[in-house]
Each structure stands twice: as C-alpha cells, then as structure tokens.
Amino acid sequence: MQQISDRASSAIREIFGTDKALIGMIHCPPFPGAPRYRGAAMDSIYDTCIRDAEALVKGGIHGLIIENHGDIPFSKPEDIGHETAAFMSVVTDRIARAVDVPLGINVLANAPIPAFAIAMAGNARFIRVNQWANAYVANEGFMEGRAAEAMRYRSLLRAEHIRVFADSHVKHGAHAITADRTIDELTRDLAFFDADVVIATGQRTGNSATIEEIEEIGAATHLPLLVGSGVTKDNIVEILKRTNGVIVASSLKEGGVWWNPVDPARVTAFVEAAKPGLEA
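Residues numbered from 1 in each chain as written. Predicted model: local features only at pLDDT ≥ 70, side-chain atom pairs only at ≥ 80, totals over all residues. Heavy atoms only, no water.

Caption draft 1: Broad picture of the overall build of the chain. Helix and strand counts for the chain come out as nine helices and eleven strands. The C-alpha radius of gyration computed for the chain amounts to 17 Å, which stays within 12% of the reference 19 Å derived for 280 residues, consistent with globular compactness. A principal-axis box enclosing the C-alpha atoms of the chain has dimensions of 50 × 45 × 35 Å. Residue burial in the chain is summarised as follows: out of 280 residues, 52% are buried. Residue pairs at least 24 apart in sequence account for 71% of intrachain contacts in the chain once pairs closer than 6 positions are excluded. (Helix = DSSP H or I, 4+ residues; strand = E, 2+ residues; numbered from the N terminus. Rg over C-alpha atoms; globule rule 2.2 N^0.38 Å. Buried < 20%, exposed > 50% of the residue type's maximum accessible area, 1.4 Å probe, protein only. Contact = heavy atoms within 4.5 Å.)

So this is what it looks like as structure tokens:
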C-alpha cells in the first residue's frame, strides 16, 4: 500500500498503551439548550456521566469517548451553541478526575472545532469526527468535511498532541454525492488530510459494519482501524482479528439500548469475550 501521508500510524498504542483498544461511549443526557432537556440539575447530568464512566472502566474498558448524544436532533456545526462546549468541558473534567483512562470528545453533529476546545480544556487525548474529508447528506442535511478549518484551529490552540479519529463512509447518511469515488479512495483521503485513526461504521447507531466493509477500509489505509458501531460480545473477536480495536456503546447498556445506563454485567461479559481477540 502506498503511504500518502507522513503521519505516524501509532496513535492507538501511543494513547492507550496497547495495540488493540476497547473504547466505551459516554452518551451525555440532554444539555440545557437542547430540545429534550427538561430542567435536570447540572450536577445530576454530570453524575449520570460519571457513573457510566466508572462502570465502563471498572469492567475493563481502556478508554472513553464523551459525546452529546442526548442533544437530539443534532445541530449543524455552525448552529451549535457555546453552552454545549461549556457543559461538555465540565463533564470531561469531572470524568477525568474520576477515572484514569484516556478520553476522547465527539461533538454532534460533525463539530471538530468545539471538540478540540473541549479536549484541550479537559485534557482529552483525541477527538472523533464523523465527516473529516469530502461531504455527504446526513440527518442534519448537507455535511461537509471540516479538516482544513479544524486543523488550523488545532494549531492556534497549540493542541497538536490531540489526535483525530475519523469515520470512513460514516453512518446516518447518504453518500450519493461521492458515489463516483470508491470507499478505498474516501478512506485514503482521511490520511491525506492528517487523520490519525480510521473508524468503520454501520448504517446507524447499534448497526455493525460488515466484515467485508471492515476489510475494504482496512486494506485502504496504513492508519489504525477501529469499528465504531454494532460491536457485541458475539462479534468482538472476529472484529479484533481485523482491526486495532472498537468503540462500543449500545451493547453495554441496560437492555442493549443506547439511552439506558451502562450495565456492569454486560461490560464484564463483553471484556471477557474480547480477551482472545486482544491477546491474538
């Protein structure tokens, strides 16, 4: 494979101290300003996030991504209020004080600039960006890649140590606008625009990428590859054979539903099931 970027490909080991990482999601409840917020006290919101973080880490998860998933329906990047970054910065700081694992930030929808600010404020190690290069039609409408402005903002913050995890062929959208370009080409564009890790996803939250798509994306990049949705204790070993780790959420929640609290028993069972894949 021709390497088209001079970026190092060791971000997973650098951040997590292992070649294969299990990364859990903190789906924050709705924040003030979001349609589903109903007046909950901020300490109650923060405590909910901390409880999930502690349950995931106690069960053996290597790192966490903090995400404003409760803010449905998500705003486009230019419409996200300053309050979102403020609340997520406090959440990140409190989680960082409660658990000793690397943290990442994802601001929905597709907002790497506030994500970099939050990561810098809360000592997070990476951000996740759903559309880093090119464009697609998302639930929120037309969504452009934000790499150019985001990387300039990262330089402004002197935050080059904060890595970028970017989705390839991102879920929750249509890719007709780039249908004349292969997944191979779209994946290579992520490295060309200085992403550090590539993420393969399914069609929507909780839906797994197929083994064929995982292999296609993995063959297109020299960067570490994660699978970012639909990971369960039943498919984790097969996925880890082909990747550098997973981002897991719904299958670790009560009833397997993303908006429920983390279920410690599910976390324990998942990590136990993953061990053969982590050790391979």
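Caption draft 2: Just the packing of helix H2 (residues 42–58) against helix H3 (residues 82–98), in detail. At a minimum axis separation of 10 Å, H2 and H3 run at an interaxial angle of 45°. In terms of orientation, H2 lies oblique with respect to H3. In the packing of H2 onto H3, the handedness of the crossing is right-handed. Judged by residue contacts, Met42, Asp43, Tyr46, Cys49, Ile50, Ala53 and Glu54 of H2 engage Phe87, Val90, Val91, Arg94, Ile95 and Ala98 from H3. (Axes fitted to C-alpha atoms, helices over the stretch in contact; angles between N-to-C directions. Parallel < 35°, antiparallel > 145°, perpendicular 65-115°, else oblique. Left-handed = near helix turned anticlockwise from the far one by under 90°.)

Caption draft 3: Main features of the packing of aromatic side chains. With the rule as written, the count across this model stands at five aromatic pairs. Taking 5.9 Å as the distance between ring centres and 65° as the angle between the ring planes, the aromatic pair formed by Phe16 and Phe126 counts as edge-to-face. Here Phe16, found in helix H1 (residues 11–16), pairs with Phe126, found in strand E4 (residues 126–129); they are 110 residues apart in sequence, far enough to count as distant. The exposure class assigned to Phe16 is buried, which follows from its relative accessible area of 12%. With a centroid separation of 4.1 Å and 15° between ring planes, the pair formed by Phe126 and Phe165 is classed as stacked. Remark: Phe165 occurs in strand E7 (residues 163–168) and Phe126 occurs in strand E4; sequence separation between them is 39 residues. With relative accessibility at 0%, the residue Phe126 sits in the buried group. Feature note: the residues Phe16, Phe126 and Phe165 constitute an aromatic cluster, connected by ring pairs. (Phe/Tyr/Trp six-rings, centres within 6.5 Å; stacked < 30°, edge-to-face > 60°.)

Caption draft 4: Representation of the environment of Thr48 in the model. Here Thr48 shows up in helix H2. Sequence spacing of Thr48 and Pro29 is 19 residues, and the spatial spacing of their C-alpha atoms is 7.9 Å.

Caption draft 5: Structural detail: unusual backbone geometry. Omega for the peptide link from Ile72 to Pro73 comes to -10°, which places this bond in the cis form. Along the polypeptide, Pro73 turns up in the loop between strand E2 (63–67) and H3. Here Leu108 and Ala109 are connected by a cis peptide whose omega angle stands at 5°. Positive phi outside glycine occurs at Arg158, with the angle close to 55°. For Arg158, the location among the structural elements is in the loop between helix H5 (147–157) and E7. Residue Arg158 is classed as exposed on the basis of its relative accessible area of 67%. A positive phi angle, near 70°, is found at Asp194, a position not held by glycine. You can see Asp194 is positioned in the loop between helix H6 (183–192) and strand E9 (197–200).

Caption draft 6: Structural view of the environment of Ala96. If you trace the backbone, Ala96 turns up in helix H3. In this structure, the C-alpha to C-alpha distance between Ala96 and Asn123, residues 27 residues apart in sequence, is 7.7 Å. Excluding residues within four positions of it along the chain, Ala96 makes contact with Leu103 and Gly122.

Caption draft 7: The arrangement of the nonpolar core in detail. Membership of the largest hydrophobic core comes to 65 residues, with the highest contact counts inside it found for Ile61, Leu64, Ile95, Ile105, Trp132 and Phe270. Sorting elements by how many residues they give to this core places H2 first, with seven residues. Of all hydrophobic cores here, the second largest spans 15 residues; its members include Ile23, Phe165, Val197 and Leu226. (Core = buried A, V, L, I, M, F, W, Y, C linked by side-chain atoms within 4.5 Å.)

Caption draft 8: Looking closely at H3. Given a rise of 1.5 Å per residue, 17 residues ought to cover 24 Å, and the 25 Å separating the end C-alpha atoms of H3 matches this to within 8%. Looking only at H3, the buried set comprises Thr84, Phe87, Met88, Ser89, Val91, Thr92 and Ile95. Looking at the buried residues of H3, the elements they touch are strand E1 (21–27), H2, E2, strand E3 (103–106) and helix H4 (112–122). (Expected span 1.5 Å × (residues − 1).)

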